[in-house]
Amino acid sequence: MRIGVVKEIKPDEYRVALTPAGARELAQHGHEVYVEAGAGEGSAFPDAEYEAVGARLAGADDVWEAVDLLLKVKEPIAEEYPRLREGQVLFTYLHLAADEPLTRALMESGTTAIAYETVETADHQLPLLAPMSEVAGRLAAQAGAHFLEKPLGGRGLLLGGVAGVLPGKVAILGGGMVGYNSAVIALGLGAQVRILDKSVNRLRQLEQVLSGRVELVMSSALEVERAVLDADVVIGAVLIPGAKAPKLVSAAMVKEMKRGAVLCDVSIDQGGCFETSHPTTHSDPVYVVDNVQHYCVSNMPGAVPITSTVALTNVTLPYIESIADVGVREAVASHPSLALGVNVIDGKVTYEAVAEAHGLEATPLSEVLPLEPV
Ligand SMILES: NC(=O)c1ccc[n+]([C@@H]2O[C@H](COP(=O)([O-])OP(=O)(O)OC[C@H]3O[C@@H](n4cnc5c(N)ncnc54)[C@H](O)[C@@H]3O)[C@@H](O)[C@H]2O)c1
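On a predicted model such as this, the values are computed, not experimentally measured, just so you know.

About the cut-offs
- Residues numbered from 1 in each chain as written.
- Predicted model: local features only at pLDDT ≥ 70, side-chain atom pairs only at ≥ 80, totals over all residues.
- Heavy atoms only, no water.
- Pairing = 2+ DSSP bridges.
- Helix = DSSP H or I, 4+ residues; strand = E, 2+ residues; numbered from the N terminus.
- Axes fitted to C-alpha atoms, helices over the stretch in contact; angles between N-to-C directions.
- Parallel < 35°, antiparallel > 145°, perpendicular 65-115°, else oblique.
- Left-handed = near helix turned anticlockwise from the far one by under 90°.
- Contact = heavy atoms within 4.5 Å.
- 1 Å grid on protein atoms, 1.4 Å probe; cavity = no way out; pocket = protein on both sides within 12 Å on 5 of 7 lines; lining within 4 Å.
- Points joined across faces, edges and corners; volume = space filled by probe spheres on them.
- Nonpolar A, V, L, I, M, F, W, Y, C, P; charged D, E, K, R; others polar.
- Buried < 20%, exposed > 50% of the residue type's maximum accessible area, 1.4 Å probe, protein only.
- Arc of directions from axis to C-beta.

Caption draft 1: A look at the sheet that holds strand β4 (residues 69-71). An order of β3-β2-β1-β4-β5-β6-β14-β15 is seen for the eight strands of this open sheet, with the pairing classed as mixed. Each of the sheet's edge strands pairs with one partner strand only, and the pair in question is β3 (56-58) and β15 (348-349). By the bridge criterion, three bridges tie β4 to strand β5 (residues 89-92) in an arrangement that is parallel. When the bridges of β5 are listed, Leu71 appears paired with Phe91.

Caption draft 2: Highlighting the packing of helix α5 (residues 130-147) against helix α10 (residues 305-326). Two elements in contact, α5 and α10, have axes separated by 9 Å at closest approach and are oriented at 155°. The orientation of α5 relative to α10 falls into the category roughly antiparallel. Along this stretch, α5 crosses α10, giving a crossing that reads as right-handed. Packed against α5, whose contacting residues are Pro131, Met132 and Val135, the element α10 presents Thr307, Ser308, Ala311, Leu312 and Val315 at the interface.

Caption draft 3: Here's a closer look at empty space enclosed by the protein. Across all of its chains, the model carries one cavity of 30 Å³ or more by this definition. Reported here for the largest cavity is a volume of approximately 80 Å³. Lining of the largest cavity is provided by Lys169, Val170, Ala171, Gln192, Val193, Arg194, Glu215, Ala227, Asp230 and Ala231. Breaking the lining of the largest cavity down by element, the ones donating at least two residues are β7 (169-173), β8 (192-197) and α8 (221-230). For the lining of the largest cavity, the residue count by class is five nonpolar, one polar and four charged.

Caption draft 4: Region of the structure containing helix α7 (residues 200-210). Three or more residues of α7 are buried, namely Leu203, Leu206 and Leu210. Seen from one end, α7 has its buried residues packed into an arc of 60°, which puts them on one side. Structural note: α7 exposes Asn201, Arg204, Gln208 and Val209 on the side pointing more than 90 degrees away from its buried face. Summarising the contacts, the buried residues of α7 are in contact with α6 (177-188), β8 and β9 (215-218).

Caption draft 5: Geometry of the sheet that holds β8. As summarised here, the arrangement of the seven strands in space is β9-β8-β7-β10-β11-β13-β12, forming an open sheet in which the pairing is mixed. Two strands in the sheet have a free side with no partner beyond their single neighbour: β9 and β12 (286-289). Sheet twist, expressed as the average angle between the axes of neighbouring strands with direction ignored, equals 20°. Two strands pair when backbone bridges link them, and β8 and β9 are joined in this way by four bridges, in the parallel orientation. Paired with Asp197 across the strands is Met218, a residue of β9. Strands β10 (233-236), β11 (262-265), β12 and β13 (292-295) of the sheet are contacted by α5, whose axis makes an angle of about 155° with β11. Contacts between α8 and the sheet are confined to β7, β8, β9 and β10, with β8 contributing the most and set at about 155° to the helix.

Printed below as a string of structure tokens:
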């Protein structure tokens, strides 16, 4: 199969959809890989590294035109809509429920659009979202430590303390993928860490891996308030799948927090879990409410494209190989998790939540593609 990778043109996006290592795996499977010149630069992968593993460098027009399977990181933006076409499979983050114009452009084009974020395993894990949560969780702890510094408007506290001086306190709301990874880095920095989660099963899992190193607390309004008022850094990492994040921290609570404390709202992409949160960008990441620093960057992994690109290819490659080796119909038929990734095909929306979001009728995938294992 001919597989293509184009340079991301969305502002502030430096990731690329395939590493040279991934390109080599595909070439070894007998596929032709086309890479837009300069596509890997933002992630420190020069063109020469792709060429060295057998990929062909080309202009954007040629890559879009030549390939059967187009790999991207972010959803196509308006100027890319005219490039969408029938007979091509597009595999990327799409987030269509929040983007009606793109949904309609995909339908009109006849392309087969598979979204990373809706690929879902039988145990309801989202394998192509998880690495970005790992990255964001780890960055949140770093951001918390950074913005505690006095010249940056913080309390002026070293999170790890020093010999004879108490460390800072980090409260993490939600102990899932983001929360666990925040805890690992906060612990590494020497902080005192408390994780609150409302799933007792999740608390048990965390107990097994972090036993004795963190305080694990069942989340309730009272415990959230206690933890938040006592903390130097609060990391918001809750998720209720398919819903807006619950506002666990009220504006009144923020008023009572320590002066110069830091709130990192990682859940901001789902609306945020602090009442005082609003989305920020990497170029202007923090603002202050009632003397509390708010870090609410909605695309945190974009700050570390070298790490994020490799983490992304690690998880997407098996699915890419599967589509490339046997074609999209057979790949989808043999992998129910990939079938859930199909959002639009043959002009029809097959992912129910997307159809519902835009008042469209969802077409069962089985009507468009054969889903019996082959
Ligand atoms: N800002 C960014 O750049 C960025 C990047 C990646 C992920 N995220 C977001 O981070 C959030 C967390 O993602 P994740 O992968 O860790 O999800 P996850 O499903 O792995 O974990 C969420 C956890 O929140 C817990 N939870 C739900 N309600 C709670 C409550 N009331 N109190 C305490 N815990 C509660 C759940 O039990 C679960 O353990 C999501 O909103 C995700 O979209 C943001």
